Each structure stands twice: as structure tokens, then as C-alpha cells.
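As a plain string of letters, each chain reads:
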Amino acid sequence: MPDEPAPAVTTAAPTPAPDPVPVSRRTRRTFGAPPWVLMYHSVAEIADASEDPYQVTVSPGRLDRQLRWLRKRGLRGVAVGELLRARAAGQGRGLVGLTFDDGYADFRSEALPLLLRHECTATVFVLPGRPGGENAWDPLGPRKPLLTEGGIRAVGEAGMEIGSHGLVHTDLTTADDETLTQETAGSRALLAELTGRAPDGFCYPYGTVDARSADAVRAAGYGYACAIDPGPLTALHALPRAHIGAADTAWRLHLKRALHPLRRRPLPRERTEATPATTTGGIR
């Protein structure tokens with residue numbers, strides 16, 4: 001598939017920061033309350049809810065209003081790696097993590113211009129085993145194109161953080177040992193070759209995580225990993241996130257922000273290795 005054309009963006013892209021020290025080397029102490037990290041997927045116009053059976057699509061207009069809501073409250077959306085490093089340095093006040101799962105092509109054409117307009121960054125979790133492919137893991141559809149290799153590089157060059165979502169969107173809690181290694185360490189190596197920088201962040205497909213998959217992500221060299229609601233597994237390699245959808249108005253965002261520290265477990269210094277739990281957030 002040829003690279004999708006770049007969108008017309010007049011706002012200057014943020015200057016890419018120097019290669020950061022991996023999060024895992026800067027975050028040895030207990031964080032306390034987990035950071036507020038918002039989870040997006042696709043950004044596109046849809047006619048009605050039947051076109052979005054998994055509720056993973058936000059219109060550009062809705063995203064624009066949500067980002068404006070953040071900025072009016074003195075908050076700024078940033079990539080998760082940046083957020084964690086700022087928190088480790090005691091400078092995370094006013095920062096909110098923004099993530100976009102699956103690496104849809106519409107991130108480049110629809111979300112990126114809005115992020116730049118509002119002076120925000122984000123982490124885009126991509127699938128290096130499906131460049132230029134589509135979301136074949138969603139049986140109900142609709143089919144959406146994914147970023148090509150050139151698109152992934154362009155997003156990174158625009159100042160966004162590129163993270164891994166595994167190779168092909170496989171549930172790690174059901175994967176055999178070889179598949180687990182390929183989805184974690186293998187995808188990291190592919191992205192390092194593609195972008196010139198090994199990703200620091202990983203995102204669990206389907207939001208499912210257990211102790212075994214978290215251990216594999218850590219062993220692969222990732223500094224952090226995002227889940228959805230990891231419960232007792234909550235830690236730097238299983239960060240909780242808030243799903244953001246088309247129905248999230250200003251009032252709903254206010255409630256999600258207020259309830260976040262009450263609904264999520266604090267981040268421990270280290271996750272207990274013996275925890276046998278498996279969690280799933282139910283959002284793709």
C-alpha cells in the first residue's frame with residue numbers, strides 16, 4: 001500500500017526531544033496515585049453508532065473540543081513517556097497522558113493536526129507486523145486502514161512518541177512462549193529498525209494483561225506499558241487508562257478526571273511477581 005499523503009498542517013511541529021533516558025531508569029520511587037492517561041483509537045467522522053460497534057471512534061470535532069477542554073483547565077496532553085519522566089522529576093502537575101491505540105491511518109490525517117494546534121503530543125501504539133494493513137482483528141468491522149511504515153516514521157518525526165502494540169494485535173495472555181517473545185521483543189526490534197529508536201512504551205492488545213505477559217514486556221526492555229484496568233497488577237508495566245469515546249462531553253470528562261484517583265490503585269514501587277491475576281478492560 002503506498003504511503004498516505006501528509007495532511008496540510010500549518011502549525012509547526014514540536015521539536016523532537018533528545019533520546020530520553022528510559023522511563024524504567026528514572027522511576028525507581030513509588031509514584032502514588034497513577035497518572036491520568038486517556039485512551040483513544042480512531043479519529044474519523046461516522047454517520048451513526050452502527051458504524052462503530054466497538055465504540056473506538058471519535059470525530060475530529062469531538063477530539064478538538066476535548067483537547068480544548070483540557071487546555072482551558074490548565075492541562076496539557078503529552079506522550080506517556082514524557083508524562084512519566086516529568087512525574088519522576090516532580091514536574092508532572094498539569095500533564096495528562098494521551099494514547100492512540102492500533103496506529104490507524106486517520107491519526108496522521110485527523111488527530112495529528114489537532115494535537116499540534118493545541119500544542120499537545122501523544123503516544124501512538126502501532127503494529128509493526130501490519131504496516132499499511134487494516135484492523136482484521138475486529139470481526140464486526142468496519143475495516144480501517146493502518147499507518148504505513150512511512151506514516152509511522154512521519155508521525156514520530158512530527159513529535160509524537162511511537163510505542164508498540166505488539167506485532168499483529170494478539171492477546172498476550174493466551175499466547176505461547178514463542179509468540180509472546182515475538183509480540184514483545186520482536187515488535188520492539190522492528191520498530192527500532194523502522195524509526196531508528198527502540199520504543200520505551202508497550203500497550204497490551206485488548207487491554208488484557210497477566211503477570212506472565214507483564215514480565216515478558218519488562219524483559220523485552222520496555223520502560224512502561226499501558227493496560228486499561230489492570231487491578232492488582234497496576235504498576236509501571238501495567239498502567240491504567242480511561243477510555244475516551246464519542247459520548248465524552250465536558251461533563252463526562254470532568255467526572256472521569258475526578259473519579260480516576262478513587263477508582264485506580266496507586267502505583268507501587270514494584271509489582272508483586274507472584275500475583276497470578278489476569279485482567280481485561282473490554283475495549284479494543
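Use the structure listed above.
Residue numbers run consecutively from 1 along every chain, following the written order of its sequence. Totals for whole chains, interfaces and linings use every residue, but because this is a predicted model, local features are given only for residues with pLDDT of at least 70 and side-chain atom pairs only at 80 or more, for both listing and counting. As a convention, hydrogens and water are excluded, and side-chain values are obtained from all of the structure's heavy atoms.

*Asks:* Could you give an account of a positive patch on the surface, with specific residues and numbers?
*Replies:* Nonpolar side chains (Val, Leu, Ile, Met, Phe, Trp, Tyr) are joined into patches within 5 Å and like charges within 9 Å, using only residues with over 30% relative accessible area and no salt bridge. Working definition of accessibility: Shrake-Rupley area with a 1.4 Å probe, residue cover restricted to the visible protein chains. Any Lys or Arg side-chain nitrogen found within 4 Å of a carboxyl oxygen on Asp or Glu counts as a salt bridge. We count Lys and Arg on the positive side and Asp and Glu on the negative side, and we leave His and both chain ends out. In plain terms, the charge of a residue is placed at NZ if it is Lys, CZ if Arg, CG if Asp and CD if Glu. A cluster of basic residues, K72, R73, R93 and R257, forms a positive patch at the surface. A run of DSSP states H or I qualifies as a helix once it reaches four residues; a run of E qualifies as a strand once it reaches two. Both are numbered from the N-terminal end. Here R93 lies in the loop between α3 (80–88) and β5 (95–101).

*Asks:* Now, about the pairing of strand β6 (residues 123–126): what can you tell me, with residues and values included?
*Replies:* Side chains T123 and F125 project from β6 onto one buried face, and the interleaved V124 and V126 project onto a second face that is buried too. Of the strand pairs in this sheet, β5 and β6 are connected by 3 bridges, and their pairing is parallel. Within the sheet, the bridge partner assigned to T99 lies in β6 and is T123. A crossover links β5 with its parallel partner β6, the connecting element being helix α4 (residues 106–117), and its sense is right-handed. What makes two strands pair is DSSP finding at least two bridges between them. Here β6 runs beside strand β7 (residues 161–164); their pairing, made up of 4 bridges, is parallel. Counterpart to V126 in the pairing with β7 is S164. Whether a crossover is right-handed depends on one test, that the path from the first strand over the helix to the second runs clockwise when the strands point away from the viewer. With helix α5 (residues 149–157) bridging β6 and the parallel β7, this β-α-β connection has right-handed handedness. Accessibility here uses a 1.4 Å probe with only protein chains present; expressed as a share of the type maximum, an area under 20% marks a residue as buried, one over 50% as exposed, and anything in between as partly exposed.

*Asks:* So what about the pattern of salt bridges? Which residues, and what values?
*Replies:* By the definition in use, this model includes 10 salt bridges. For R143, the salt bridge goes to E134, with nearest N and O atoms at 3.8 Å. The salt bridge involving R252 is made with D248; its shortest N-O contact spans 2.9 Å. The class of R252 is partly exposed, set by a relative accessible area of 39%. A relative accessible area of 2% means that D248 is categorised as buried.

*Asks:* I'd like to hear about the environment of R130, residue by residue, with values.
*Replies:* Structurally, R130 can be placed in the loop between β6 and α5. For R130, a relative accessible area of 22% translates into the label partly exposed. Between the alpha carbons of R130 and T148 there is a distance of 8.2 Å; along the sequence they are 18 residues apart. Setting aside residues no more than four positions away along its own chain, R130 makes contact with A136, W137, L146, L147, L167 and V168. By definition, residues are in contact when any of their heavy atoms lie within 4.5 Å.

*Asks:* Tell me about helix α6 (residues 177–195), and name the residues and values.
*Replies:* Helical geometry note: an α-helix holds 3.6 residues per turn, so side chains three or four residues apart project in the same direction. For a helix, the expected span equals 1.5 Å multiplied by the residue count minus one. Helix length check: α6 (19 residues) gives 26 Å between terminal C-alpha atoms against 27 Å at 1.5 Å per residue, within 8%. At G186, α6 shows its strongest bend, of approximately 30°. Within the sequence span of α6, burial applies to L180, E183, T184, G186, S187, R188, L191 and L194. Considering only its buried residues, α6 is in contact with β6, α5, β7, β8 (201–203) and α7 (211–219). Given a residue, its bend is the angle between the two axes fitted to the seven residues that end at it and to the seven that start from it.

*Asks:* Outline a nonpolar patch on the surface, listing residues and values.
*Replies:* On the surface, W251, L255, L259 and L262 cluster together to form a nonpolar patch covering roughly 450 Å² of accessible area. Of note, L259 is situated in helix α8 (residues 250–263). Taking relative accessible area as the criterion, L259 reaches 38% and is therefore assigned partly exposed.

*Asks:* Before we move on, could you go through α4 and cite the residues and values that matter?
*Replies:* Along its 12 residues, α4 runs 16 Å from first to last C-alpha, staying within 8% of the 16 Å computed at 1.5 Å per residue. For α4, a buried count of 9 out of 12 residues is recorded, marking the element as mostly surrounded by other parts of the structure. Within the sequence span of α4, burial applies to D106, F107, R108, A111, L112, P113, L114, L115 and L116. Buried residues along α4 sit in contact with β2 (42–43), α2 (60–72), β5, β6 and α5. Immediately downstream of α4, the backbone of E119 shows phi near 55°, a positive value.

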